[in-house]
Amino acid sequence: MLRLADLSASYGAAPVLQGVGLHVDKGESVALLGPNGAGKSTLLAAITGTVPRRSGGIALDGIDLLEKQSHDIVSQGVALVPEGRLVFAPFSVEDNLRLGAIRLKGSVKERYEFVYDLFPKLAERSRQPAGTLSGGEQQMLAIGRALMSAPRLLLLDEPFLGLSPLIVVQIRQSLEKLRASGLTMLIVEQKLDIALAFAQRAYVLIKGRVVLEAPTARLAERTDLSDLYFSLATSSSA
C-alpha cells in the first residue's frame, strides 16, 4: 500500500532523512524503531506532506504523494496521530472528532459510532472540553480524531508516550482491534516490547537512514536488542 523510495527530507540545509526506502503492505502493521533524533517523526511528517523539503518517492497504492499538499494526502486516505496528542483544548470531545471528519462528505454519524465504540470513555465525555481530559483520554481522542477521516493508512507517532500502564493496555487493545479489522498501520514506538509484539515487521532508523529491516518475531528473539541501536549507530557513522 505504502512505498517510500530513496526518500530524503529536511527542514533546512541539513538533511534529516537520507535515501529512505520502506514499504507497508495492505492490512499490515509495521513498526519504525530507532533512538531519539533518528528521524522517525520526520518520516511520518514527510509522508503527510508537512516537511518543506522532500525528494524521492512516496506512493500510496501507486498514487504519487510527493507533490501533493497535506490536505490532499488526507483525502487519499492517510491519517496521522501526532506525538503529544495536539488536541484542541477549548473544544469539546465531539468538536475535536468533527474536525477529523471535515473532509468527509455526507453524514459522519457512523464514524462517531465507530470511534465511540472503540473508546467508550470518549462517548461519556463527548461534551467535555478536551483540555480537561486525562492524558490517556486525550490520546484516545487523538487516535479517534484520526479515525474520523476513515483512513486506509494510519500513522501513529509514539502513541504510548507518557501513559500509565493501565492506559497503555487499554489503547493497545483498541489498536489490536483496528489491526484485526484490516487497517494498515505504521507506528513509531520507543517501547520495544510493545512495538515488537504489535507489529509484523520493523524498520530501524539511525541518523536518517534505514539500517535494518526484519520480522518482529526475529527481532524479539535477540537477547542483545538493547545494544542494537548503539552498534548500528556506530557502524552507520563509520
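The following refers to the structure shown. (Residues numbered from 1 in each chain as written. Predicted model: local features only at pLDDT ≥ 70, side-chain atom pairs only at ≥ 80, totals over all residues. Heavy atoms only, no water.)

Focus: the layout of surface pockets
Volume-wise, the largest pocket comes out at about 550 Å³. Along its surface, the largest pocket is lined by 21 residues, and V74, V78, A79, L80 and R145 are the ones closest to its centre. Listed by contribution, the elements that provide at least two residues to the lining of the largest pocket are α2 (70–75), β6 (78–81), α3 (93–100) and α6 (135–147). Tallied by class, the residues present in the lining of the largest pocket amount to 13 nonpolar, six polar and two charged. (1 Å grid on protein atoms, 1.4 Å probe; cavity = no way out; pocket = protein on both sides within 12 Å on 5 of 7 lines; lining within 4 Å. Points joined across faces, edges and corners; volume = space filled by probe spheres on them. Helix = DSSP H or I, 4+ residues; strand = E, 2+ residues; numbered from the N terminus. Nonpolar A, V, L, I, M, F, W, Y, C, P; charged D, E, K, R; others polar.)

Some thoughts on helix α7 (residues 165–180)
If you check α7, its first and last C-alpha atoms are 22 Å apart, about what 16 residues at 1.5 Å a residue would give, namely 22 Å. Where α7 terminates, the next one or two residues include G182, which has phi positive at roughly 100°. (Expected span 1.5 Å × (residues − 1).)

Here's the deal with the pattern of salt bridges
Applying the stated rule across the entire model yields nine salt bridges. In this structure, the salt-bridge partner of R127 is E94, at a minimum N-O distance of 3.5 Å. On the criterion of sequence distance, the pair formed by R127 in the loop between α5 (120–124) and α6 and E94 in helix α3 is long-range, its members being 33 residues apart. A residue is classified by how much of its surface remains accessible, and E94, at 17% relative accessible area, is buried. Close ionic contact of D95 with R98 constitutes a salt bridge, the shortest N to O distance being 2.5 Å. Of this pair, D95 and R98 both sit in helix α3, three residues apart, which is roughly one turn of the helix. Accessibility expressed as a relative area gives 31% for D95, which makes it partly exposed. Judged by its relative accessible area of 40%, R98 is partly exposed. A network of salt bridges, in which partner residues are shared, links E94, D95, R98 and R127. (Salt bridge = Lys/Arg side-chain N within 4 Å of Asp/Glu carboxyl O. Buried < 20%, exposed > 50% of the residue type's maximum accessible area, 1.4 Å probe, protein only.)

Re the packing of α3 against helix α4 (residues 109–118)
For the pair α3 and α4, interaxial distance at closest approach is 11 Å and the crossing angle is 120°. If you check the angle between α3 and α4, you find them oblique. Taken as a pair, α3 and α4 cross one another with a handedness that is right-handed. Listed contacts from α4 to E94, L97 and R98 of α3 are Y112, V115 and Y116. Per-class residue counts for the contact of α3 with α4 are four nonpolar, no polar and two charged. (Axes fitted to C-alpha atoms, helices over the stretch in contact; angles between N-to-C directions. Parallel < 35°, antiparallel > 145°, perpendicular 65-115°, else oblique. Left-handed = near helix turned anticlockwise from the far one by under 90°. Contact = heavy atoms within 4.5 Å.)

Here we look at α4
Structurally, the α-helix is built with 3.6 residues per turn, so residues lying three or four positions apart point the same way. Looking at α4, one finds that the buried residues are Y112, V115, Y116 and L118. Burial along α4 is one-sided: seen end-on, the buried residues are contained in an arc of 160°. In α4, those exposed residues whose orientation departs by more than 90 degrees from the buried face are K109, E110 and D117. If you follow the buried residues of α4, they end up packed against α3, α5, α6 and α7. (Arc of directions from axis to C-beta.)

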